[in-house]
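# Coordinate analysis (summary)
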Amino acid sequence: MRREEALGPAYRLFYEKPVHIVRGEGVFLYDADGRRYLDVYNNVASMGHCQPRVVDAICNQIKQLNTHTRYLGEGIVDYAERLLATFPAPLAHAMFTCTGSEANDLALRIARAVTGGTGVICTALAYHGVTAAVTEFSPSLGAHVNLGSHVRTVPAPDAYRAPPGEVARRFGQDVQAAIADLQRHGIRPAMLIADSIFSSDGVFSGPAGFLKPAVDAIHEAGGIFVADEVQSGFGRTGEAMWGFERHEVEPDLVTLGKPMGNGFPMGGVIMRPDMIREFGANARYFNTFGGNPVAAAAGLAVLDCLRDEGLQDKALKVGEYLRQALRDLSVEFACIGDVRGVGLFVGVEIVSDRAARTPDATTTACIVNGLREKGVLISATGPYVNVLKVRPPMIFAPEHVDIFVEAMSAVLRGL
């Protein structure tokens, strides 16, 4: 009641019985009664909740200085150099924001300045942020949040319901059709934007390489490709530091957010220098908090953790263990229609008829809420809300997988 009176009706909570979280440590969250929950959902705290190195870096820096980027400072330059070193060489400039939403908003401005176009192509249930401009190409926000007249959506590259060998061709053809429709209406294409793991669309990771025909199509039309790495970046896929690298494409812009500061608000845009040359010459960009010294310290600590703890390789190995454990579970439970993903980003499709691949949102909701009762936090995604989104902190270990799968098995038996 206090929450509704203070915050209003627009906020939403997870679970039929919401959880009151008061503390986090590693892969666990704790409620007000001291009950422990295994976190199998949050990619914000990718290094683990309250990661000591990140916490210390933030505290030490904020005790010394926190101001904006219009003064000289070593922290922001050190961070930019370290971050850029993880990208392919053509991506050589960084600009910083506070959120992924702001990063995608800035990417849109740059795309319009570079191409002279306004048209945007995204997938049918994409989520890219909450600014006024970005909500117009975030269809997952729902029917009451209107898409822009300059926006065209295409079906997600679904290898569960299409032959894997057809995914790249179909996705490329769909993007070409969207480009043609924009042009037919007198709208010049500016950009194709894609979350490299297609998280909100239902988690589609393979086959690797399926993005290339679509990226080629937008380039041929004079537009640019924006890789939204808020979900799939920072080593989460295990196979690569950045999700787009699995598809052997070269983005013009890459947008970052959520896990960038392990909970400290950070976002950014990585770009080819020619992308910013004209925009930067004609438009002054300033973000009061983007790239501040505390953010830079948090970002550097995250990169240190990734390197020193070998978390990208860990994501690869633990992710395979996780997917195999879920595949083993599917032998017993026919409602598990598909287990897909890469690294520590997994989608589990729940169906009522495995042969017909019929989405089952009701059973999915029962699983999500049943797991919550057993001390495991997870959520669902996809156009039918029937795909379990499995996206734990990257410090997840095999013993944590075992806890999750044991709880999942118990919930499924209870159904």
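Described in the following lines is the structure provided in the data block. Source: prediction; values computed, not measured.

Next up on the list: the overall build of the protein. Within the protein, the regular secondary structure consists of 12 helices and 16 strands. Relative to the 2.2 N^0.38 estimate, which gives 22 Å for 415 residues, the radius of gyration of the protein is 21 Å and therefore close to what a compact globule would have. In terms of principal-axis extent, the alpha carbons of the protein reach across some 60 × 55 × 45 Å. Across the 415 residues of the protein, 54% fall into the buried class. Sequence separation of 24 or more characterises 72% of the internal contacts of the protein that already satisfy a separation of 6 or more. Of note, the protein has its 39 positive side-chain charges centred 2 Å away from the centre of its 46 negative side-chain charges.

Now for the pairing of strand β2 (residues 28–31). Burial along β2 is two-sided: the face carrying F28 and Y30 and the face carrying L29 and D31 are both buried. Across four bridges, strand β1 (residues 21–25) lies against β2 in antiparallel orientation. Looking at β2, one finds that R23 is bridged to Y30. Linking two consecutive strands that pair antiparallel, namely β1 and β2, is a turn of two residues; a positive phi of about 65 degrees is found at G26 within it. Sheet topology places β2 next to strand β3 (residues 36–39); three bridges connect them, and they run antiparallel.

With that out of the way, let us pick up the pairing of strand β11 (residues 336–342). Summarising burial for β11: seven of the seven residues are buried, a large majority. Hairpin connection of β11 to strand β12 (residues 345–353): two residues between the antiparallel strands, including G343 at a positive phi of 55 degrees.

Applying the stated rule across the entire model yields 20 salt bridges. Note that R169 and E166 form a salt bridge whose closest N and O atoms lie 2.1 Å from each other. You can call R169 partly exposed: its relative accessible area is 40%. Here the salt bridges do not stand alone but share partners, grouping R53, R82, D304, R307 and D308 into one network.

With respect to the element layout, G116 can be found in the loop between α4 (100–115) and β5 (119–123). Distance from G116 to A190, taken between C-alpha atoms, is 7.1 Å for residues 74 residues apart in sequence. Residues contacting G116, with those up to four places away along its chain left out, are A111 and R188.

Take the packing of aromatic side chains next. How two aromatic rings sit relative to each other is given by the distance of their centres and the angle of their planes. Counting across every chain of the model gives nine aromatic pairs. Each ring, one from F14 and one from Y15, has its centre 5.7 Å from the other, and the planes form 55 degrees; the classification is tilted. A residue is classified by how much of its surface remains accessible, and Y15, at 17% relative accessible area, is buried. Pairing Y79 with F96 gives two aromatic rings, centres 5.6 Å apart and planes at 40 degrees, and the pair type is tilted. Of this pair, Y79 sits in helix α3 (residues 74–84) while F96 sits in strand β4 (residues 93–97); the two residues are 17 residues apart in sequence, bridging distant segments of the chain. Neither Y79 nor F96 differs from the other in exposure class; each is buried. In textbook terms, an aromatic cluster arises when at least three aromatic residues are bridged by ring pairs, as seen for F87, F234, W242 and F244. In this structure, R23 packs its charged tip against the face of Y30, placed 4.0 Å from the ring centre. A cation sits over an aromatic face here: R36 above F28, 3.8 Å from the ring centre.

Okay, the layout of surface pockets next. In this structure, the second largest pocket spans a volume of roughly 340 Å³. T69, A94, M95, F96 and Y285 are, among the 13 residues lining the second largest pocket, the residues nearest its centre. The set of elements that each furnish at least two residues to the lining of the second largest pocket consists of α3 and β4. For the lining of the second largest pocket, the element with the most residues is β4, which contributes four residues. A breakdown of the residues in the lining of the second largest pocket according to their chemical character gives eight nonpolar, four polar and one charged.

This paragraph deals with empty space enclosed by the protein. Throughout the structure, instances matching the rule amount to one cavity of 30 Å³ or more. Of the pockets and cavities examined, the largest cavity occupies roughly 30 Å³. Forming the walls of the largest cavity are P88, P90, L91, E250 and P251. Looking at the lining of the largest cavity, its residues break down into four nonpolar, no polar and one charged.

Once that is clear, we can look at the nonpolar core. Y79, L83, F234, V348, F404 and M408 are the most contacted members of the largest nonpolar core, which totals 94 residues. Top element by residues in this core is helix α9 (residues 293–308). It accounts for 10 residues. Ignoring anything within four residues of it in the chain, the contact list for F404 reads L38, V40, L322, L326, L371, V376, I378 and V390. In terms of nonpolar packing, the next biggest core, distinct from the first, is built from 24 residues, V120, V134, L253 and M275 among them.

Attention now moves to the environment of Q231. On the secondary structure map, Q231 appears in the loop between β8 (224–228) and β9 (253–256). Spatially, the C-alpha atoms of Q231 and S200 are 9.8 Å apart, while their sequence positions differ by 31 residues. Residues within four places of Q231 in sequence aside, it is in contact with N43, D195, I197, S199, R236, K258, F345 and R391. Side chain to side chain, Q231 and R391 meet in a polar contact 2.7 Å long.

Right, let's talk about the sheet that holds β9 for a bit. One open sheet accounts for seven strands, arranged β4-β10-β9-β8-β7-β5-β6; its pairing is mixed. Strands with a single pairing partner mark the edges of an open sheet, and in this sheet they are β4 and β6 (151–154). On average, adjacent strands in this sheet sit at an angle of 20 degrees to one another, irrespective of strand direction. Here β5 runs beside strand β7 (residues 189–195); their pairing, made up of three bridges, is parallel. Bridge pairing links I121 to L192 in β7. Here α3 sits on the sheet and contacts β4, β9 and β10 (267–271); the angle it forms with β4, its principal contact strand, is near 120 degrees.

What counts and how
The residue count restarts for each chain, going from 1 along the sequence in the order it is written. For this predicted model, a pLDDT threshold of at least 70 governs which residues receive local features, and a threshold of 80 or more governs which side-chain atom pairs are given and counted, while totals over whole chains, interfaces and linings are taken from all residues. With hydrogens and water set aside, each side-chain value is computed from the structure's full complement of heavy atoms. To qualify as a helix, a DSSP run of H or I must reach at least 4 residues; to qualify as a strand, a run of E must reach at least 2; elements of each kind are numbered from the N terminus. As defined in this context, the radius of gyration uses C-alpha atoms, and a globule is described by 2.2 Å times the residue total to the power 0.38. Only protein chains enter the area calculation, which uses a 1.4 Å probe; residues under 20% of their type maximum are buried, those over 50% are exposed, and those in between are partly exposed. Note on contacts: a residue pair qualifies if any of its non-hydrogen atoms lie within 4.5 Å across the two residues. We treat Lys and Arg as the positive residues and Asp and Glu as the negative residues; His and chain ends play no part in the count. By convention, charge coordinates are those of NZ in Lys, CZ in Arg, CG in Asp, or CD in Glu. By definition, two strands form a pair when at least two bridges between them are found by DSSP. A side-chain nitrogen of Lys or Arg and a carboxyl oxygen of Asp or Glu constitute a salt bridge if their distance falls within 4 Å. Here is the rule: rings of Phe, Tyr and Trp (six-membered ring for Trp) pair when centre to centre is within 6.5 Å. Planes less than 30 degrees apart are stacked, more than 60 are edge-to-face, and the remainder are tilted. We call a charge positioned above a ring when the Lys NZ or Arg CZ atom is no farther than 6 Å from the ring centre and deviates by at most 35 degrees from the ring normal. We place a 1 Å grid over just the protein atoms. Points where a 1.4 Å probe fits but has no way out form a cavity, open points with protein on both sides within 12 Å along at least 5 of 7 lines form a pocket, and any residue with an atom within 4 Å of a point lines it. Grid points are joined across faces, edges and corners, and a volume is the space filled by probe spheres set on the points. Throughout this entry, Asp, Glu, Lys and Arg are counted as charged residues, while Ala, Val, Leu, Ile, Met, Phe, Trp, Tyr, Cys and Pro are counted as nonpolar. The remaining residues, Gly among them, count as polar. Nonpolar cores were defined as sets of buried Ala, Val, Leu, Ile, Met, Phe, Trp, Tyr and Cys residues, with membership established by side-chain atoms within 4.5 Å. What qualifies as a polar contact is a pair of N or O atoms within 3.5 Å, subject to a donor-acceptor requirement within protein and to the restriction that residues adjacent in sequence count only when both atoms come from side chains. Only the contacting stretch of a helix is used when fitting its axis, a line to C-alpha atoms as for every element, and angles between N-to-C directions run 0 to 180 degrees.

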